[in-house]
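Read off the chains here:
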Amino acid sequence: MNSISLHLPSELDSEVKRTLADWDQGRKMQRLWSRDASLWTGQDEAKWLGWLDIVDAQAPVSPELEAFLGSIGEDRFRNALLLGMGGSSLCPEVMARTYGPVKGKPELLVLDSTDPVQVSSVSERVDPAHTLFIVSSKSGSTLEPNIFFQFFWAKTVEAVGQEKAGRHFVAITDPGSKMEQVAKEHRFRAIFPGRPSIGGRYSALSNFGLVPAGVMGVDLPRFLGSTLAMVEACAGSVVASKNPGGILGAVLGTLGKAGRNKVTLIASPGIGDVGAWLEQLIAESTGKQGKGLIPVDREALGTPDKYGQDRLFAHLRLAPAPDTGQDQAVEALAKAGHPVVRISVEDKYTLGQEMFRWEIATAVAGSILGINPFDQPDVEASKIETRKLTDAVEKTGALPDERPFFEDGAVALFADPANAQALQGSNTLASVLRAHLRRLGAGDYLGLLAYIPMTEQNEAVLQASRIRVRDAKKVATCLGFGPRFLHSTGQAYKGGPNTGVFLQVTCDDPLQLPVPGQKYTFGVVKAAQARGDFEVLAARKRRALRVHLRGPLDAALRKLREAIDGAV
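Described in the following lines is the structure provided in the data block. (Residues numbered from 1 in each chain as written. Predicted model: local features only at pLDDT ≥ 70, side-chain atom pairs only at ≥ 80, totals over all residues. Heavy atoms only, no water.)

Considering the sheet that holds strand E3 (residues 107–111)
Spatially, E3-E2-E4-E5-E6 is the arrangement adopted by the 5 strands of the open sheet, whose pairing is parallel. Because the sheet does not close on itself, it has two edges, and the strands there are E3 and strand E6 (190–193). Direction aside, neighbouring strands of the sheet carry axes that sit 20° apart on average. Here strand E5 (residues 169–173) runs beside E6; their pairing, made up of 4 bridges, is parallel. What sits directly across from threonine 173, in E6, is proline 193. Contacting strand E4 (131–136), E5 and E6, helix H4 (residues 63–75) crosses the sheet at an angle of about 145° to E6. Contacts between helix H6 (residues 116–125) and the sheet are confined to strand E2 (79–83) and E3, with E3 contributing the most and set at about 160° to the helix. (Pairing = 2+ DSSP bridges. Helix = DSSP H or I, 4+ residues; strand = E, 2+ residues; numbered from the N terminus. Axes fitted to C-alpha atoms, helices over the stretch in contact; angles between N-to-C directions. Contact = heavy atoms within 4.5 Å.)

Structure (structure tokens):
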């Protein structure tokens, strides 16, 4: 089984031991498994603990899933394309990048962006006549999966005809949802139910994670069998001080309360994509009521002097294929006195153990922080603002006009009145950015919110910029691509501690991709999501600036990078 070791400064180590002793004496692990809502806020927490026994329910694999997997093998699909967002898409993405592609099985692809370039790129990669589409939506009413379905249903009907199109679609959704109704009306090949007592970010080990994994060829009995070992080790009968999930949760919660709330995730390359899933679990579960943990993923490791006193490092090390550079950097951090959690992942097939361990740990941390780790009160706020804007497009045919407060050729800057006022007096792009980045102080973090195509090239430019800021300011940095981060870290950015300084990046879209049956395009949806996101950040009095890139994206993005370099 995967092991855990802690390397904490003495004062923090003592605090964690006191927390664990309190949990042991109060029999709090037993209370967690007994679904005792008073362990958190005493509200509706007991309704959202169905994930505790989901692995037992899924192992062995159900006859229905086995029969389904056998039937799609007969049809020889080349690809499986999952259409979803947040908790419905992040685990499948981890599965695809960790275990795939598997010879003789469909290659699993994931679409979780309304960016028209990304939608078009995915569409060009798949032939609907040889693709299985997995529409994954817990509520069945989430905007993105619904418009993805409309788009690819039209493509599939065009390729194979109305009568056969349903055989290319599968739904994963809660019983009674709108998506279940749509799936029945369109005669989908199969409908796999979610469990209503499991929230999206805790659903990795349910049908939302396992059905796509099975389709792409993951050995589900092996995966679930390994995961069960961690379930048993984290049971309510195991006191917190000996409980793998309890120990990690005590570290997260105790250090979070002590100001070490930037949970910096480091993972071996072979399991490197697990960070995206952990980001959502941690941020959406804990970031609310002005409290929370801010996960930091994919931030290149630096020397110990590049970090402030707000970090906790978590290293998931794949034992059969470690990264020597990572090992050396993490060892240097521990020797310099930074708190480090080391987790040895014994095999790729023990990754499910970490999913369950971190779910338990997040629930424990939520109790220590004094919040409900199963709701997401601020996610809906952005959805409401987006809906207002898309409704306006349906009525008027266009988004409302907006005016920048600063322009410099390919770059235009937007902000709400309060943020614009704070940045007045600057007459160059670099000086405006300098004024904005000067708002970063000790314990703050930079959030780069990029509503541009999520490509390796674009990410490399933004990664370079975040590291420049990290090294110059000694602050944590986060990079998220919109709109996917809205269903992930967006909750913590809006509802967590007001320590973020945000730089939202939007761009002109080079193509207009219509959404079948709607007046708006995918580009309009993305623009509405970005505007809605910014409006809620401003309403929450966050320090935020929007940078809009005009014309060819490569040139405009390069100009932004040069301006950030000049600003720091």
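Considering the pairing of strand E10 (residues 340–345)
The buried fraction of E10 is high, at 6 of 6 residues. Burial of E10 is two-sided: the residues Val340, Arg342 and Ser344 facing one way and the residues Val341, Ile343 and Val345 facing the other way are all buried. When strand E1 (residues 3–7) meets E10, the two strands line up antiparallel, connected through 5 bridges. If you follow serine 3 over to E10, its bridge partner there is serine 344. Pairing geometry for strand E9 (residues 311–318) and E10, over 6 bridges, is parallel. For leucine 318, the partnering residue across the bridge sits in E10 and is valine 345. Crossover handedness for the path E9 to helix H14 (residues 324–335) to E10: right-handed. (Buried < 20%, exposed > 50% of the residue type's maximum accessible area, 1.4 Å probe, protein only. Right-handed = clockwise from strand over helix to strand, strands pointing away.)

Quick notes on the nonpolar core
Residues Trp51, Phe68, Phe223, Trp277, Trp358 and Ile360 are the most contacted members of the largest nonpolar core, which totals 91 residues. Here this core gets 11 residues from one element, more than from any other, and that element is helix H15 (residues 351–369). Of all hydrophobic cores here, the second largest spans 33 residues; its members include Leu503, Val547, Leu549 and Leu557. (Core = buried A, V, L, I, M, F, W, Y, C linked by side-chain atoms within 4.5 Å.)

Focus on H6
For H6, the full list of buried residues reads Pro116, Gln118, Val119, Ser120, Val122 and Ser123. In this structure, the buried side of H6 is in contact with E2, E3, helix H7 (143–160) and helix H21 (522–539). One side-chain oxygen of the residue at the start of H6 lies 2.9 Å from the amide nitrogen of valine 117, identifying that residue as aspartate 115. (Polar contact = N/O pair within 3.5 Å; in protein donor to acceptor, adjacent residues only side chain to side chain.)

A short note on unusual backbone geometry
Omega for the peptide link from alanine 59 to proline 60 comes to 0°, which places this bond in the cis form. Relative to the helices and strands, proline 60 resides in the loop between helix H3 (54–58) and H4. Each neighbour pair has its own omega, and for glycine 100 with proline 101 the value is -10°, a cis peptide bond. Here proline 101 lies in the loop between helix H5 (90–99) and E3. The backbone phi angle of arginine 27 is positive, close to 50°, even though this residue is not glycine. Positive phi, normally seen in glycine, also occurs at lysine 474, with a value near 55°.

Let's talk about the packing of aromatic side chains
This model, assessed by the stated rule, comprises 25 aromatic pairs. A ring pair is formed by phenylalanine 148 and phenylalanine 522, whose centres lie 6.4 Å apart and whose planes are at 20°; its orientation type is stacked. Placement of the pair is phenylalanine 148 in helix H7 and phenylalanine 522 in helix H21, with a sequence separation of 374 residues. Between phenylalanine 151 and phenylalanine 152, the aromatic rings sit 5.0 Å apart at their centres with planes inclined by 85°, giving edge-to-face as the arrangement. A network of ring pairs unites the aromatic residues Phe133, Phe148, Phe149, Phe151, Phe152, Trp153, Phe169, Phe188 and Phe522 as a single cluster. (Phe/Tyr/Trp six-rings, centres within 6.5 Å; stacked < 30°, edge-to-face > 60°.)

What about the packing of helix H16 (residues 379–396) against H21?
Look at H16 against H21: their axes get within 8 Å of each other, and the N-to-C directions meet at 135°. Of the possible angle classes, the one that applies to H16 and H21 is oblique. In this structure, H16 crosses over H21, and the sense of that crossing is right-handed. Contact residues: H16 offers Ala381, Ser382, Glu385, Thr386, Leu389, Thr390 and Val393, while H21 offers Val524, Ala528, Gln529, Arg531, Gly532, Asp533, Glu535 and Val536. Class assignment of the residues belonging to the contact of H16 with H21 gives a composition of 6 nonpolar, 5 polar and 4 charged. (Parallel < 35°, antiparallel > 145°, perpendicular 65-115°, else oblique. Left-handed = near helix turned anticlockwise from the far one by under 90°. Nonpolar A, V, L, I, M, F, W, Y, C, P; charged D, E, K, R; others polar.)

A look at the environment of arginine 18
Note that arginine 18 resides in helix H1 (residues 10–25). For arginine 18, a relative accessible area of 49% corresponds to the partly exposed category. Remark: the alpha-carbon pair of arginine 18 and alanine 410, spanning 392 residues in sequence, is separated by 55 Å.

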